[in-house]
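Listed below, chain by chain, are the residues.
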Amino acid sequence: MKIIILLLFVICCMLATHFCSPIIEEDDFSSFASPCLQPPTNFKKRYFVHNNIHVTFLEAWRQCQAIGLRLATITSEEDSKLMQETIANSTNTKGPWYIGGTDLGNEGHFVWISTNKPVGHMTGYFNYSPGQPDNAGGSENCLEIGRWGGVVWNDEPCDAKLRYICESVTPNWS
Ligand SMILES: [Ca+2]
Ligand SMILES: [Ca+2]
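All of these numbers come straight from a predicted model, not from anything done at the bench.

Draft legend 1. Region of interest: the nonpolar core. The biggest cluster of nonpolar side chains holds 28 residues, and the ones touching the most others in it are Leu-71, Trp-97, Tyr-98, Ile-99, Tyr-164 and Ile-165. Listing elements by their share of this core, those giving two or more residues are β1 (43-55), α2 (57-66), α3 (77-88), β3 (97-102), β6 (142-145) and β8 (162-171).

Structure below.
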């Protein structure tokens, strides 16, 4: 009889542990599978033209970060049109400005430093000026926009002091 009671006690303890203290693994996100918590499929991009200081590419990268933004990426014709409108409405409409593309460390293979994605990734969108990027002098590793007017891109030495353009990307819940 004592053995049966002891066994029942052990089983009760095991059940209590199972139901009262569920162990959730750190990487178990199944509990977040509610439709209400799905990530948005649309994002709204805004550009911010900074004309007040001239900085190197890496300084521009950090300047954007310091105000909660990131150095601009342009991944579609729609982005390019938005860029054109934003520049037209800025306090200085003459470039060039840094945007976030660089082939530092891997010549000829440009990535967006803000997203770690190759330039043209998924969309195949490029907007280089004819003949660019040319890596002139063997040392042009950062992308600028607006050197010759418009919004075409050119590679430029990363230590050139230029104005710069940041962006914000926010979920579009509407
Ligand atoms: Ca280069
Ligand atoms: Ca160039």
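Draft legend 2. Region of interest: unusual backbone geometry. Cis geometry marks the peptide bond from Gly-95 to Pro-96; its omega dihedral reads 5 degrees. By the element assignment, Pro-96 lies in the loop between α3 and β3. Residue Pro-133 is bonded to the preceding Gln-132 through a cis peptide linkage, with omega at 0 degrees. Tracing the backbone shows Pro-133 in the loop between β5 (117-118) and β6. Backbone geometry places Asn-116, a non-glycine residue, at a positive phi of 65 degrees. Its location among the elements puts Asn-116 in the loop between β4 (111-112) and β5. Taking the C-beta count within 10 Å as the criterion, Asn-116 has 8 such neighbours and is therefore assigned exposed. Here Met-122, not a glycine, exhibits a phi torsion of approximately 70 degrees, which is positive. By secondary structure assignment, the location of Met-122 is in the loop between β5 and β6.

Draft legend 3. Structural detail: the pairing of β3. In terms of burial, β3 is a largely internal element, six of the six residues being buried. One ladder, built from two bridges, connects β3 with β8; its direction is parallel. Within β8, the position partnered with Tyr-98 by the bridge is Tyr-164. In the sheet, β3 pairs with β4 via two bridges, with the strands oriented antiparallel. Bridging across to β4, Thr-102 finds its partner in Val-111.

Draft legend 4. Highlighting α2. When we look at burial in α2, the residues that qualify are Phe-57, Ala-60, Trp-61 and Cys-64. Seen from one end, α2 has its buried residues packed into an arc of 105 degrees, which puts them on one side. Opposite the buried face of α2, at more than 90 degrees from it, the exposed residues are Arg-62 and Ala-66. On the buried face of α2, the contacting elements are β1, β2 (70-71), β3, β6 and β8.

Draft legend 5. Geometry of the confidence of the model for the protein. Across the protein, the average pLDDT comes to 86, with 77% of residues at or above 70. Note on residues 15-33: pLDDT under 50 across the span, and one contact to partners over four residues away in sequence or across chains.

Draft legend 6. Representation of the environment of Thr-41 in the model. Following the sequence through the fold, Thr-41 ends up in the loop between α1 (2-20) and β1. The class for Thr-41 is exposed, based on 7 C-beta atoms found within 10 Å. The spacing of Thr-41 and Asn-172 is 131 residues in sequence and 7.9 Å in space, taken between C-alpha atoms.

Rules of the game
Counting restarts for each chain, with residues numbered from 1 along the sequence as it is written. As a convention, the first chain written is A and the first ligand written is 1, with the rest following in written order. Residue-level local features of this predicted model are given only where pLDDT is at least 70; pairs of side-chain atoms are given and counted only at 80 or more, and the full residue set underlies all totals for whole chains, interfaces and linings. By our criterion, buried Ala, Val, Leu, Ile, Met, Phe, Trp, Tyr and Cys residues that link up through C-beta atoms within 7 Å make up a nonpolar core. Remark: C-beta atoms are placed from the backbone, and a residue is labelled buried if 20 or more other C-beta atoms sit within 10 Å of its own, exposed if 12 or fewer do, or partly exposed between those counts. Numbering of helices and strands starts at the N terminus; helices are DSSP runs of H or I of at least 4 residues and strands are runs of E of at least 2. For two strands to be treated as a pair, DSSP must find no fewer than two bridges joining them. Here the arc refers to the set of directions running from the helix axis out to each C-beta atom. By the convention adopted here, residues are in contact when the distance between their C-beta atoms, placed from the backbone, does not exceed 7 Å. Confidence of the predictor at the level of single residues is captured by pLDDT, which takes values from 0 to 100.

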